[in-house]
Amino acid sequence: MREFGYQRASDVAGAVALLGADPDARFLGGGTNLVDLMKTGVERPARLVDVRELPLDGIESTKDGGLRIGATVTNSDLAAHPEVRRRYPALTQAVLSGASGQLRNMATVGGNLLQRTRCGYFADVTKPCNKRVPGSGCPAIEGDHHNHAILGASQHCVAVHPSDMGVALAAFDAVVSYETTDGPGELALADFYLPVGDTPHRETALPPGALITAVTLPPAPVAARSRYRKVRERASYAFAIGSVAAALEVRDGVVREARLALGAVASRPWRARTAERELTGARADGESFAAAADAELAAAKPLSHNGYKVTLMRNLMVAVLSELVEEASR
């Protein structure tokens, strides 16, 4: 066992300063991912800076009608919050579909965004992995990849991002706030995760030593009519093999606004902007939904054992969009 230091931060500035003084330190929230990776030797921090007690656990309305969610809000509290359930129901559904009740009681919003892939090669330090050891290779491409990426991957990495919450946040244009020793900053979630390219070990655009402080959801009336659907290999706690967060505004049988994001298909929550463009102005029916799904998935590049995901995601998008239309007509 490798020894490590532990220190509890008393304020945001102090937490950032502690990490700035020790590049081998890591922030500790709920620990539901980081501690597991420490046990397997993937993560080997010299010090843990505990940020759980920082005053970042609130959810409040913004002046323009959005929601600001503190980084240490637990997944359970996020899912149960009445304004989240009313204004962004797909977010509640996404959070509740992830992990178990016990884990949701511990896991934090900030930590959820920063969780690492569950690719078996990444988690096994005896195997090569470009995400863990840059330049060592990606054995998943020729190996076990049935639940790996079909969109946005590269020859250097085909792992997928595991977050359910992140998929719903992507659909609703979330913005991530952070603090560094140089002051505060913001990143749109669309820019938060970096493309895989040839540097899969660089996963986010956060500056070194940055502490996530909040996630803000801008006002989105369409989000009140949203849904999250997840497909997994068993009914109980499991990571997705495909998921969809969708919201629709339909008037006179025509789609006026569409929000669509996909999960478990790429290294980051995948905003389906091609499908959104196809949907906007189209008839709100199965034929249009299928055409939009096909347009989005035209860029898919499945591997030898995960081609089923293309059909799965097509059917899933059509089903979720059809359910939203049916629900609106009741």
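Since the model is a prediction, treat every value here as computed from it, not as a measurement. (Residues numbered from 1 in each chain as written. Predicted model: local features only at pLDDT ≥ 70, side-chain atom pairs only at ≥ 80, totals over all residues. Heavy atoms only, no water.)

Draft legend 1. View of the packing of aromatic side chains. Counted according to the given criterion, the structure contains three aromatic pairs. The interplanar angle of 55° and the centroid separation of 5.7 Å between the aromatic rings of Tyr88 and Phe172 together place this pair among those described as tilted. In this pair, Tyr88 sits in the loop between helix H4 (82-87) and helix H5 (89-97) while Phe172 sits in the loop between helix H9 (165-171) and strand E6 (175-180), placing the two residues 84 residues apart along the sequence. (Phe/Tyr/Trp six-rings, centres within 6.5 Å; stacked < 30°, edge-to-face > 60°. Helix = DSSP H or I, 4+ residues; strand = E, 2+ residues; numbered from the N terminus.)

Draft legend 2. How the structure looks around the packing of helix H12 (residues 286-297) against helix H13 (residues 308-328). At a minimum axis separation of 9 Å, H12 and H13 run at an interaxial angle of 145°. Note that H12 runs across H13; the crossing there is right-handed. Where H12 abuts H13, its residues Phe289, Ala290, Ala293, Asp294 and Leu297 lie against Val310, Met313, Arg314, Met317, Val318, Leu321, Ser322 and Val325. A per-class count over the contact of H12 with H13 returns ten nonpolar, one polar and two charged. (Axes fitted to C-alpha atoms, helices over the stretch in contact; angles between N-to-C directions. Left-handed = near helix turned anticlockwise from the far one by under 90°. Contact = heavy atoms within 4.5 Å. Nonpolar A, V, L, I, M, F, W, Y, C, P; charged D, E, K, R; others polar.)

Draft legend 3. Just the sheet that holds strand E8 (residues 211-217), in detail. Read across the open sheet, the five strands follow the order E4-E5-E8-E6-E7; overall the sheet is antiparallel. The open sheet terminates on both sides in strands that have one partner only, identified here as strand E4 (59-61) and strand E7 (183-188). Geometrically, the sheet is characterised by an average inter-axis angle of 25° between neighbouring strands, direction not taken into account. Alignment of E6 against E7, held across six bridges, turns out to be antiparallel. Bridging from a neighbouring strand, Thr180 pairs with Gly183 of E7. Against the sheet, helix H1 (residues 12-20) makes contact with E6 and E8, and its axis sits at roughly 130° relative to E8, the strand it touches most. (Pairing = 2+ DSSP bridges.)

Draft legend 4. Representation of unusual backbone geometry in the model. Located in the positive-phi region is Asp173, a residue other than glycine, with phi close to 60°. Its identity is not glycine, yet Asp252 carries a phi of approximately 55°, on the positive side. Checked against the element boundaries, Asp252 lands in the loop between strand E10 (240-251) and strand E11 (254-263).

Draft legend 5. Spotlight on the sheet that holds strand E9 (residues 226-232). With respect to topology, four strands assemble into an open sheet ordered E9-E10-E11-E12, the strand pairing being antiparallel. Each of the sheet's edge strands pairs with one partner strand only, and the pair in question is E9 and strand E12 (270-271). Direction of pairing for E9 relative to E10: antiparallel, over a ladder of seven bridges. Bridge assignment links Lys230 to a residue of E10, and that residue is Ser243. On top of the sheet, H13 reaches E9, E10 and E11; it is set at about 35° to E10, its chief contact.

Draft legend 6. Up close: the UniProt feature "domain: FAD-binding PCMH-type" (unreviewed entry) in the protein. As annotated by UniProt and renumbered to match this structure, "domain: FAD-binding PCMH-type" (unreviewed entry) occupies residues 1-222. Span residues 1-222 is 29% helix and 17% strand, its end C-alpha atoms 50 Å apart. (UniProt positions renumbered as here; feature names shortened; annotations may be inferred.)

Draft legend 7. Fine view of a nonpolar patch on the surface. Taken together, Met1, Phe4 and Tyr6 make up a surface patch of nonpolar side chains, about 420 Å² in accessible area. Along the chain, the position of Phe4 falls in the segment before strand E1 (5-8). The exposure class assigned to Phe4 is partly exposed, which follows from its relative accessible area of 35%. (Patch = residues over 30% accessible without salt bridge, like charges linked within 9 Å, V, L, I, M, F, W, Y side chains within 5 Å. Areas by Shrake-Rupley, 256 points an atom, 1.4 Å probe, with all protein chains shown as cover. Salt bridge = Lys/Arg side-chain N within 4 Å of Asp/Glu carboxyl O. Buried < 20%, exposed > 50% of the residue type's maximum accessible area, 1.4 Å probe, protein only.)

Draft legend 8. Just the side chain of His161, in detail. Within the secondary structure, His161 is located in the loop between helix H8 (120-123) and H9. Polar contacts involving the side chain of His161 include one to the main-chain amide nitrogen of Ser163, which spans 3.3 Å. In contact with His161, not counting residues within four places along its chain, are Asn112, Leu113, Gln115, Tyr193, Ala264, Ala266, Ser267, Arg268 and Pro269. (Polar contact = N/O pair within 3.5 Å; in protein donor to acceptor, adjacent residues only side chain to side chain.)

Draft legend 9. Molecular detail of the state of the cysteines. Counted by the stated rule, this structure contains zero disulfides. With no disulfide of its own, Cys119 lies 6.0 Å from the sulfur of Cys129, the closest cysteine sulfur. By relative accessible area, Cys129 is classed as buried at 8%. (Disulfide = S-S within 2.5 Å.)

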